[in-house]
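# Descriptive analysis of the structure
Letter by letter, the chains look like this.
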Amino acid sequence: MKRTLLFVALSAALGTFTCAHAQTGKPIFIGEVAPLTGPAATVGTRLNKASKMWADETNAKGGINGRKIELVTCNDEGRPDKAAACLRDFQEKGAVMIFGNSLTASLRAMQPLVKNGPLLLIPSPNVVPPADSYAFQVSPSDLHLTEAIAKYMKENRLDKLGMVAATDASGEVGVESAKKVFSDQKMELRLARIDLRATDASTQLASVAGQDVKLVYSSYTGAGAVTVVKSFKILGLPQPLMVSYGNMSEAFVSLIKDVAPPRLLGTSVAGLVPEEMPKGADRERARAFLDGYAKRYNEKADMINLLGRAETDVAEAVLRKVSNPSDSAAAKKFLESTPIESFHTQKFSPTNHVGLDASSVMIVELKDGNWIKAQPISGR
Amino acid sequence: MNLFTQAVISGLMIGAVYAFLGIGLVLVYRTARILNLAHGETFAITGVAAALLVKAGLPLLPALGLSLAIALGFALSLHRFVLRPRADWPAGTLILITLGAAFVVRGVLILAAGTDPVSFPALFTGVPLRIAGGVIPPQGIALVVLGFGVSAAVGLYLSRTRSGKQLLAAAENPYAAELAGVNVERARLTAYGIGAILGGLAGVLLIPLIAVDFQSGLAMTMRGFIAAAISGMSPVGVLFSGIGLGLFESMVGAYLGALYQDPVMFFLLILVALWQSRHIRFGGTRRA
């Protein structure tokens, strides 16, 4: 009897030790779906840099609750079919959460696949996750960005906007938001679509930038956005040109610096201009990331990198504060009930899975190669 | 600003690009009977190389010259070391090999320049020209003039000169051409070389107005292919199909919207293909 008791006690002790060891030693597996090649590579590689930076920094500090982060990236090439396959693979391998660092079409393909978890974090503004899903958007939505543009126009007493939007899924989202917001605000929207293969945007600009239009907005991102800026300059249009927030990068600025129109504006989260942020703690977080990123990669962090940081801040909060982060329901409940501190506080709720709103958006302006808060538009 | 005039100017610029890319494809097809899907890579190689060289501090003209030489080297190597040793392989396989070469170039360009678009300054600078309510920059004028001028010159060279006709004969019947004293290998190398220079020139003239990245090549091949296919792979016809396509694309974009561009363009392509294949479908021996 004594022997049996001793055996049971030893087994229990050994079992506890083994469990505890597994809990503290087993890496936390996080899957990242990102287009590292293909048309959206410029977005995927930027978000991937922010994810990697977070994983490396966290692991260098000993991980989270004694567990290292194991970040595995699957390159979906911006293809929805491949994105879905990547996500299923991560689910089978038991990913604790997934970073959906791809574009609209891929995110739309992935979102229905996480009905029962794990958490899918989305830094894109174009896909608004339903509140009953396990997907959470860490960016202001495209609607929020458009509302911020409308607010800026209102402040400057402008009532007409010329807009150039691409013919892809992202462009479609931008057009829908613009039609809704500007119609609600009783503002006139002049819209022209541009093909992704376009080598000239002068026709589109000619059709939307009449003399009575004091602001032109291009919701295009990437190489196409450069085409719009160059055509704008060639036409010699006098209005300020506003570009979408995917273009708030050093690469974009270096491409258009010699051909920038008289005033180049952009939509951004306020974190890109920390000195304009009202809360000291938010300002410090944004500055710390921007500095850390510049030091690590020897380049300026941009909007997309910042959204990558917002995503990893949300991920880290879940991993630190939820006792079993693999329990997707518990993680979801935590996010829906707890504001997450980042350079902008992310506030999700049981009825809203978008963490930021229009108040986190700032209209910025390029001055001497840097983005600053946009000045008013004169010459009305 | 006049929308119609601007659409015409834009159409001419787009058309010049179609012609530049189309004539290179036609040339290789007519001499080697291969649809070279890596043709547009000469555009991307020239653009990315020029942007990197200018960034590294090389003056613009030497950078452009060196970039064109790299593109030329790529095209000649593709023929000499990849396609020629496999000349007896089925044409379909060779076309797939050129597609593979295009993807290899993509990979190399990512390694060299990353995934962000790059560009370089315009060769022709100055105040844009304003005509009848439309605007065209000096680089745009050069693109239109050289695009159509060079394409016309190549078309005339092939159809009117002895050496041009030898080039075409090398494709129609290489064995007979060889018996007649035509150096078939040299003819094919010449075709790849001229095609590469034209693709590279398109890059030199267009990229300062836009930007280029690692994946621009296949898009450019597609543009060239549409123009070439509509012309029936004719070295003279591709000039006119280029102008027509450019103007058509621009007008559809201006008056119907860019969402209609692809459906209308590809519908047009199908109609032309059906028209060109009428002899095959209804009997006869005429080749497209």
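Residues numbered from 1 in each chain as written. Chains lettered and ligands numbered in written order. Predicted model: local features only at pLDDT ≥ 70, side-chain atom pairs only at ≥ 80, totals over all residues.

Let us look at the overall build of chain A. The helix and strand inventory of chain A stands at 12 helices and 12 strands. In terms of overall dimensions, chain A is globule-like: its C-alpha atoms have a radius of gyration of 23 Å, near the 21 Å expected for 380 residues. Of all intrachain contacts in chain A linking residues separated by at least 6 positions in sequence, the fraction that spans at least 24 positions is 67%. (Helix = DSSP H or I, 4+ residues; strand = E, 2+ residues; numbered from the N terminus. Rg over C-alpha atoms; globule rule 2.2 N^0.38 Å. Contact = placed C-beta atoms within 7 Å.)

Looking now at the sheet that holds strand β1 (residues 28-34) of chain A. Residue and element names in this part refer to chain A. Strand order in the open sheet formed by five strands is β2-β1-β3-β4-β5, and the pairing between neighbours is parallel. Two strands lie at the open edges of the sheet, namely β2 (69-75) and β5 (135-137), each paired on one side alone. Strand-to-strand, the axes of this sheet are offset by a mean angle of 20°, without reference to chain direction. Bridge count between β1 and β2: seven bridges; the pairing is parallel. By the bridge assignment for β2, Phe29 is matched with Glu70. Each of β1, β3 (97-100), β4 (119-122) and β5 touches helix α11 (residues 303-321); the most contacted strand, β4, lies at about 155° to it. (Pairing = 2+ DSSP bridges. Axes fitted to C-alpha atoms, helices over the stretch in contact; angles between N-to-C directions.)

Here is the key point about a regular strand: its side chains alternate between the two faces of the sheet. Residues and elements named next belong to chain A. Side chains of β3 alternate between two faces, with Met97 and Phe99 and Ile98 and Gly100 buried alike. The sheet contact formed by β1 and β3 spans four bridges and is parallel. Opposite Ile30, over in β3, you have Met97 as the bridge partner. Sheet analysis places β3 next to β4, joined by three bridges and oriented parallel. (Buried ≥ 20, exposed ≤ 12 C-beta atoms within 10 Å, placed from the backbone.)

Moving on to the sheet that holds strand β11 (residues 361-367) of chain A. All names here are of chain A. Taken in spatial order, the seven strands line up as β7-β6-β8-β9-β10-β11-β12 in an open sheet, and their pairing is mixed. In this open sheet, the two strands that pair with only one neighbour each are β7 (188-194) and β12 (370-373). Geometrically, the sheet is characterised by an average inter-axis angle of 30° between neighbouring strands, direction not taken into account. The sheet contact formed by strand β10 (residues 264-269) and β11 spans five bridges and is antiparallel. Among the inter-strand pairings, Thr267 is bridged to a residue of β11, identified as Ile363. Sheet strands touched by helix α5 (residues 142-155): β6 (160-166), β8 (216-218), β9 (241-243), β10 and β11. Its angle to β11, the strand with the most contacts, is close to 65°. Each of β6, β7, β8 and β9 is contacted by helix α8 (residues 223-235), which is oriented at about 175° to β9, the strand it contacts most.

It is worth spelling out the domain arrangement of chain A at this point. Residues and elements named next belong to chain A. Per the domain assignment, the segments making up chain A are domain 1 (11-141 + 283-358) and domain 2 (142-274 + 362-373). Distance from the C-alpha centre of domain 1 to the C-alpha centre of domain 2: 29 Å. Taken residue by residue, the interface counts 23 residues in domain 1 and 21 residues in domain 2. Elements represented by at least two residues in the side of domain 1 that touches domain 2 include exactly α2 (41-60), α4 (104-110), α10 (280-297) and α11. With four residues, α10 is the single largest residue contributor to the side of domain 1 that touches domain 2. Tallied by class, the residues present in the side of domain 1 that touches domain 2 amount to 12 nonpolar, five polar and six charged. (Domains from an automatic or database assignment. Nonpolar A, V, L, I, M, F, W, Y, C, P; charged D, E, K, R; others polar.)

Of the residues lining the interface, 31 residues belong to chain B; the matching set on chain A comes to 27 residues. Every element with two or more residues in the side of chain B that touches chain A is listed here: α1 (3-32) and α10 (237-255) of chain B. Broken down by element, the residue count for the side of chain B that touches chain A peaks at seven residues, all from α1 of chain B. Broken down by class, the residue content of the side of chain B that touches chain A amounts to 20 nonpolar, nine polar and two charged.

Here the focus is unusual backbone geometry. All names here are of chain A. At the junction of Gly117 and Pro118, the peptide bond is cis and its omega measures out at 0° in the coordinates. Looking at the secondary structure, you find Pro118 in the loop between α4 and β4. In this structure, Asp368 is a non-glycine residue whose phi angle is positive, near 50°. Assignment of secondary structure puts Asp368 in the loop between β11 and β12. Classification of Asp368 by C-beta neighbours within 10 Å gives exposed; the count is 6.

All names here are of chain A. Taking 1.5 Å as the rise per residue, helix α3 (residues 80-92) with 13 residues should run 18 Å; its terminal C-alpha atoms sit 18 Å apart, in good agreement. For α3, the complete set of buried residues consists of Ala83, Cys86, Leu87 and Phe90. Looking straight down α3, one finds that the buried residues subtend no more than 95° of arc, so they occupy a single side. For α3, the exposed residues lying more than 90 degrees away from the buried face are Asp81, Arg88 and Glu92. For α3, the secondary structure elements touched by its buried residues are β1, β2, β3 and α4. In the segment just after α3, Gly94 is the residue with positive phi, at about 80°. (Expected span 1.5 Å × (residues − 1). Arc of directions from axis to C-beta.)

Attention now goes to α2 of chain A. All names here are of chain A. The first and last C-alpha atoms of α2 sit 28 Å apart over 20 residues, in line with the 28 Å expected at 1.5 Å per residue. For α2, a buried count of 14 out of 20 residues is recorded, marking the element as mostly surrounded by other parts of the structure. Backbone geometry just after α2 places Gly62 at a positive phi near 100°.

Turning our attention to the environment of Ile197 of chain B. All names here are of chain B. Secondary-structure assignment places Ile197 in helix α8 (residues 184-206). Taking C-alpha positions, Ile197 is 7.4 Å from Ala71, a pair spaced 126 residues apart along the chain. Apart from residues no more than four positions distant in its own chain, Ile197 is found in contact with Leu68 and Leu72.

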